Amino acid sequence: MLLAKTGVPAASDLAKVIPSEERLKKGAVAIIECFQSIPCNPCQFACPRGAIKEFADINDIPKIDFDLCDGCGTCISKCPGLAIFVVDATYGAEEALVKIPYEFLPLPAKGDRVAGLNREGKEVCEAEVVRVQSAKGLDKTPIIWLSVPKDYMMEVRHIRLKGGAVS
Amino acid sequence: MKSLRKTELAVIGGGPAGLSSAITAMRQGAEVTLIDRDPVLGGQLIKQTHMFFGSKDQFASIRGIDIPSELIKALEEGPGKVKVELGTTVIGYYDDGVILMEKDNRATTLLPQRIIVATGAAEKMLPFPGNDLPGVYGAGAVQTLMNVYGIKPGKRVLMVGAGNIGLIVSYQLLQAGVEVVAIIEAAPHIGGYLVHASKVRRAGVPIYTSCSIKEAFGRESVEGAVICRLDENWQPLPGTEKTLELDVICLAVGLSPLTELLWQAGCKHKYVPELGGYVPVRNEKMQTSIPYIYVAGDAAGVEEASSAMIEGKLAGLFAAASLGYDHDLESLAATYRKELEELRSGEAGSKIRQGLAKLIGGVSVAS
Ligand SMILES: Cc1cc2nc3c(=O)[nH]c(=O)nc-3n(C[C@H](O)[C@H](O)[C@H](O)COP(=O)(O)OP(=O)(O)OC[C@H]3O[C@@H](n4cnc5c(N)ncnc54)[C@H](O)[C@@H]3O)c2cc1C
Ligand code: SF4
Ligand code: SF4
């Protein structure tokens, strides 16, 4: 498995967790990029709408019911693997909204233009920060809302601030 | 001569395993003394600024650093009282059951009726030319520097080892604003959880599997390292050497149980690589080959905090029961065993299951 050698999920891994075109057209939805059976289960208790299916076993791989998920993003900061993202393909005509967990300081500010990085850490586009969620209840994992060109909504999973700050 | 201090149960080590042992034994009614060489309780957890994995019941998705305070609260809530001795290192064990402790350069003794050893694990070293240069650190030392003292170990780091510790410490280095040049791993696959690997990858850190460090160089301290690729037999492939400029090499190549006290006491050990090397032989009650000595947590086999806590509960439960405090013994034991079993049931737990089968002969995955 490529992922196990490089840490970068392969297209075949992603194909299993990305919602259908049809679902994407309906609005925001969570994507769980967690592909390995590990003894971890906080996500299954995280969703207020019950969209993350109950595990039979703590080692189960999370499964999400895209019809129940409304992309609220509550689950993002409950995942210790930082493996949950929300994508809203209906955000704008040219832009999609991507919500990512981000645990680095300084935090970006609303309106900042940042580098959108893919799963290998390579810059693929520019992104605009539209909101920074960092309430105390999120237990220290802030969520950054990004507006990115639609072509990159399934690519951008991290950011780099411009102006010298590291990561 | 001063009369010898006594206690019913001495718990050595105040990490997650020791804390859970002390709480459980206290709740059962035993009189407990908890000893740790550090100035604060919590063991490895006080360095873990990341959110925890594991089951929600075992504090998953709470950050490691926040777990000790919850356990300490339970410890203080009672109903019984646990005597806590911090800054106190247990340095010896005598045949008559007396333990020798050192605090502020003064030796004291204690005579417990039962002992639970929960001393955790020690980091392994890796032999390579230059590994004695300043700038070569163990991952534990790097974590302590950063997360306990707020000191950056350097500017550019090479991480050796892509197990969970190597991946997590790399992430914490990035959070501290330190550049991680690469993570190298001798095995053909990443050993840690892939979600952790993905996390550092998207922050721009390359991970090279089948890759090892050949040497470190530098005049007074580390200035660089030579890495190379390995073939299927883990032998260096000539011509694949690459020189990296960096000032820190961080070794995260594994842990082995810290069981000097158990060796001293004469407990039987067995070599089980899946559990980190030599591990004390024990039964499903966490009891060693010396009946009044119990063991729990990483000292019993390197695993993780969630399992350390449950093993601690089991050790505390059975040590207390052997002192006559056996309230609800069977049902509590069954609950804890089931929790352990679940934790170890998946793919990630298979190594531990294999190790335990070698150690206690496949009795049950939970034992
Ligand atoms: C980077 C990193 C990340 C981790 N992430 C996770 C995770 O996400 N989830 C998870 O479940 N686990 C995780 N772990 C593992 C977890 O921290 C350990 O498995 C766990 O702390 C083991 O608990 P323990 O009580 O056995 O030992 P420790 O926590 O090591 O505690 C042992 C204690 O014994 C004391 N001691 C040792 N010798 C003596 C002596 N002679 N006298 C007195 N005191 C002594 C020490 O001071 C220490 O306080 C991680 C570990 C590391 C290093
Ligand atoms: S985004 Fe909201 S609705 Fe969707 S799975 Fe996460 S918590 Fe549930
Ligand atoms: S909480 Fe995150 S890492 Fe854990 S199983 Fe769920 S998605 Fe995977």
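Since we're looking at a predicted model, the values are computed, not measured. (Residues numbered from 1 in each chain as written. Chains lettered and ligands numbered in written order. Predicted model: local features only at pLDDT ≥ 70, side-chain atom pairs only at ≥ 80, totals over all residues. Heavy atoms only, no water.)

A.B. asks: When you look at the overall build of chain A in this model, what are you seeing that I'm missing?
C.D. replies: Along the backbone of chain A there are three helices and seven strands. Walking chain A from its N terminus toward its C terminus, one meets helices and strands in the order α-α-α-β-β-β-β-β-β-β. Overall size of chain A, expressed as C-alpha extent along the three principal axes, is 45 × 35 × 30 Å. Counting only residues that meet the buried cut, chain A has 56% of its 167 residues in that class. Put simply, of all contacts in chain A between residues at least 6 apart along the chain, 59% involve residues at least 24 apart. Accessible area of chain A: about 7400 Å², with a carbon and sulfur share of 52%. Across chain A, 21 positive and 22 negative side-chain charges occur, with their mean positions spaced 2 Å apart. (Helix = DSSP H or I, 4+ residues; strand = E, 2+ residues; numbered from the N terminus. Buried < 20%, exposed > 50% of the residue type's maximum accessible area, 1.4 Å probe, protein only. Contact = heavy atoms within 4.5 Å. Areas by Shrake-Rupley, 256 points an atom, 1.4 Å probe, with all protein chains shown as cover. Lys, Arg positive; Asp, Glu negative; His and termini not counted. Charge placed at Lys NZ, Arg CZ, Asp CG, Glu CD.)

A.B. asks: Could you clarify how one ought to interpret the layout of surface pockets in this entry?
C.D. replies: In this approach the atoms are scanned with a rolling probe the size of a water molecule, which exposes any empty space left behind. Estimated volume of the second largest pocket: approximately 440 Å³. What lines the second largest pocket is a set of 19 residues, and nearest its centre among them are Glu103(A), Leu105(A), Thr49(B), Gln175(B) and Ala176(B). Listed by contribution, the elements that provide at least two residues to the lining of the second largest pocket are helix 3 (139-148) and helix 4 (164-175) of chain B. Ranked by residue count, the leading element in the lining of the second largest pocket is helix 4 of chain B, at three residues. Its residues placed into classes, the lining of the second largest pocket shows ten nonpolar, six polar and three charged. Here the lining of the second largest pocket gathers at least three residues from each of two domains, domain 1 (5-122 + 255-359) and domain 2 (125-251) of chain B. (1 Å grid on protein atoms, 1.4 Å probe; cavity = no way out; pocket = protein on both sides within 12 Å on 5 of 7 lines; lining within 4 Å. Points joined across faces, edges and corners; volume = space filled by probe spheres on them. Nonpolar A, V, L, I, M, F, W, Y, C, P; charged D, E, K, R; others polar. Domains from an automatic or database assignment.)

A.B. asks: What should I look at first to understand the site of ligand 2 in this one?
C.D. replies: Neighbouring ligand 2 are 13 residues, the closest being Cys47(A), Cys69(A), Cys72(A), Gly73(A) and Cys75(A). When its residues are assigned to classes, the shell around ligand 2 shows eight nonpolar, three polar and two charged. (Near = heavy atom within 4 Å.)

A.B. asks: Mind showing me how you'd approach the interface of chain B and chain A here?
C.D. replies: A common way to express how large an interface is: the accessible area buried when the components associate. In this complex, chain B contributes 40 residues to the contact, which on the side of chain A involves 43 residues. Across the chain B/chain A interface, buried area totals approximately 3400 Å², and carbon plus sulfur atoms make up 54% of it. For the pair chain B and chain A, the number of links is zero salt bridges. Looking at the side of chain B that touches chain A, the elements with two or more residues in it are helix 4, helix 5 (194-202), strand 11 (207-209) and helix 8 (329-343) of chain B. With eight residues, helix 5 of chain B is the largest single contributor of residues to the side of chain B that touches chain A. (Buried area = accessible area lost by both parts, 1.4 Å probe. Salt bridge = Lys/Arg side-chain N within 4 Å of Asp/Glu carboxyl O.)

A.B. asks: Could you clarify how one ought to interpret the sheet that holds strand 4 (residues 113-117) of chain A in this entry?
C.D. replies: Strand pairs in the sheet, formed through backbone hydrogen bonds, run parallel or antiparallel to each other. Residue and element names in this part refer to chain A. Strand order in the open sheet formed by seven strands is 1-2-3-6-5-4-7, with antiparallel pairing between adjacent strands. Every interior strand has two partners, whereas the edge strands, strand 1 (29-32) and strand 7 (158-160), have only one. For this sheet the average axis-to-axis angle between neighbouring strands, irrespective of direction, equals 40 degrees. Note that strand 2 (residues 84-88) and strand 3 (residues 95-101) share three bridges and pair antiparallel. When the bridges of strand 3 are listed, Val86 appears paired with Lys99. (Pairing = 2+ DSSP bridges. Axes fitted to C-alpha atoms, helices over the stretch in contact; angles between N-to-C directions.)

A.B. asks: For this particular structure, what's the right way to read the sheet that holds strand 12 (residues 211-217) of chain B?
C.D. replies: Residue and element names in this part refer to chain B. Here we have three strands laid out as an open sheet, ordered 12-13-14, and antiparallel in their pairing. Whereas interior strands pair on both sides, the edge strands pair on one side only; in this sheet they are strand 12 and strand 14 (242-245). Averaged over neighbouring strand pairs, the angle between their axes works out to 30 degrees when direction is ignored. When strand 12 meets strand 13 (residues 224-229), the two strands line up antiparallel, connected through six bridges. Paired with Glu215 across the strands is Val226, a residue of strand 13.

A.B. asks: Would you take a moment to explain the side chain of Glu311(B) for this structure?
C.D. replies: Residues and elements named next belong to chain B. Here Glu311 lies in helix 7 (residues 305-322). Accessibility expressed as a relative area gives 3% for Glu311, which makes it buried. Within polar-contact distance, the side chain of Glu311 engages the backbone nitrogen of Gly297 at 2.9 Å. A distance of 2.8 Å separates a polar atom in the side chain of Glu311 from a polar atom in the side chain of Arg344. (Polar contact = N/O pair within 3.5 Å; in protein donor to acceptor, adjacent residues only side chain to side chain.)

A.B. asks: Help me understand helix 8 of chain B in this model?
C.D. replies: In an α-helix, one full turn covers 3.6 residues, which means residues spaced three or four apart are oriented alike. Residues and elements named next belong to chain B. With 15 residues, helix 8 extends 21 Å from end C-alpha to end C-alpha; this agrees with the ideal 21 Å at 1.5 Å per step. Restricting attention to buried positions, one finds in helix 8 the residues Leu329, Ala333, Tyr336, Glu339, Leu340 and Leu343. Angular distribution of buried residues about the axis of helix 8 spans 125 degrees; they occupy a single face of the element. When the buried face of helix 8 is taken as reference, the exposed residues oriented beyond 90 degrees from it are Glu330 and Lys338. Contacts from the buried residues of helix 8 go to helix 1 (16-28) and helix 7. (Expected span 1.5 Å × (residues − 1). Arc of directions from axis to C-beta.)

A.B. asks: Is there a simple way to explain the packing of helix 1 of chain B against helix 2 (residues 67-77) of chain B in this structure?
C.D. replies: When two helices pack together, their arrangement is given by the angle between their axes and by how far apart the axes lie. Residue and element names in this part refer to chain B. At their nearest, the axes of helix 1 and helix 2 sit 9 Å apart, and the two run at 25 degrees to each other. Between helix 1 and helix 2, the angle is such that the two are roughly parallel. The interaxial crossing formed by helix 1 with helix 2 has left-handed handedness. Here helix 1 contributes Pro16, Leu19, Ser20, Ala22, Ile23, Met26 and Arg27 to the contact with helix 2, which in turn contributes Leu71, Ile72, Ala74 and Leu75. Taken together, the residues of the contact of helix 1 with helix 2 sort by class into nine nonpolar, one polar and one charged. (Parallel < 35°, antiparallel > 145°, perpendicular 65-115°, else oblique. Left-handed = near helix turned anticlockwise from the far one by under 90°.)

A.B. asks: Help me understand the site of ligand 3 in this model?
C.D. replies: In the vicinity of ligand 3 there are ten residues, among which Ile32(A), Cys34(A), Cys40(A), Cys43(A) and Cys79(A) approach most closely. Around ligand 3, the neighbouring residues derive from chains A and B rather than from a single chain. In a pocket analysis with a 2 Å cut-off to the grid points, ligand 3 is assigned to the largest cavity. Residues that form the shell around ligand 3 fall into these classes: nine nonpolar, one polar and no charged. (Sits in = over half its atoms within 2 Å of the grid points.)

A.B. asks: Is there a simple way to think about helix 3 of chain B in this case?
C.D. replies: Residues and elements named next belong to chain B. Looking at helix 3, one finds that the buried residues are Ala139, Gly140, Val142, Gln143 and Met146. Buried residues along helix 3 cover an arc of 155 degrees about the axis, so they all sit on one side. The first or second residue beyond helix 3 is Gly150, which carries a positive phi of 70 degrees.

A.B. asks: Would you mind showing me how to read the pattern of salt bridges here?
C.D. replies: Working definition: two side chains of opposite charge can pair if their charged atoms are close together. All chains considered together, the criterion is met by 18 salt bridges over all chains. We note a salt bridge from Glu120(A) to Lys122(A), for which the minimum N-O separation is 3.0 Å. Linking Glu274(B) and Lys358(B) is a salt bridge whose minimum nitrogen-to-oxygen distance equals 3.0 Å. You can see Glu274(B) sitting in the loop between strand 17 (269-272) and strand 18 (277-280) and its partner Lys358(B) sitting in helix 9 (residues 350-360), a full 84 residues away along the chain. When salt bridges with common partners are traced through the structure, they connect Arg113(A), Glu126(A), Glu128(A) and Lys162(A) into a single cluster.

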